[in-house]
Amino acid sequence: MTAAVCPICSKPTAPEHRPFCSRRCADVDLHRWLAGRYAVPGSEDPDEAGPIEDED
Ligand SMILES: [Zn+2]
């Protein structure tokens, strides 16, 4: 009933990659999580703020 979308790029999710649309976005999220886990406060990178283009 709810059209779930990828939290990384807002495309429709793929059942095999939920909650993401692709393995690529799952990897992006993982890397973001790891970056946040180990990030030093105040070291935000503005380049990471934009949407990720899925070229697949
Ligand atoms: Zn995605």
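Here the structure is a predicted model, which is why all the values come from computation and not from measurement. (Residues numbered from 1 in each chain as written. Predicted model: local features only at pLDDT ≥ 70, side-chain atom pairs only at ≥ 80, totals over all residues.)

Chemist: Go over unusual backbone geometry, please, and point to the residues and values.
Modeler: With an omega of 0°, the peptide bond between R18 and P19 qualifies as cis. Residue position: P19 is located in the segment before α1 (23-38). One non-glycine residue with positive phi stands out, namely S10, at about 65°. Here S10 is to be found in the segment before α1. (Helix = DSSP H or I, 4+ residues; strand = E, 2+ residues; numbered from the N terminus.)

Chemist: Could you give me a rundown of α1, with the residues and numbers involved?
Modeler: Compared with an ideal rise of 1.5 Å per residue, which puts 16 residues at 22 Å, α1 spans 22 Å between its outermost C-alpha atoms and is within 8% of the ideal. Taken across its 16 residues, α1 has one buried, putting it largely on the surface. (Expected span 1.5 Å × (residues − 1). Buried ≥ 20, exposed ≤ 12 C-beta atoms within 10 Å, placed from the backbone.)

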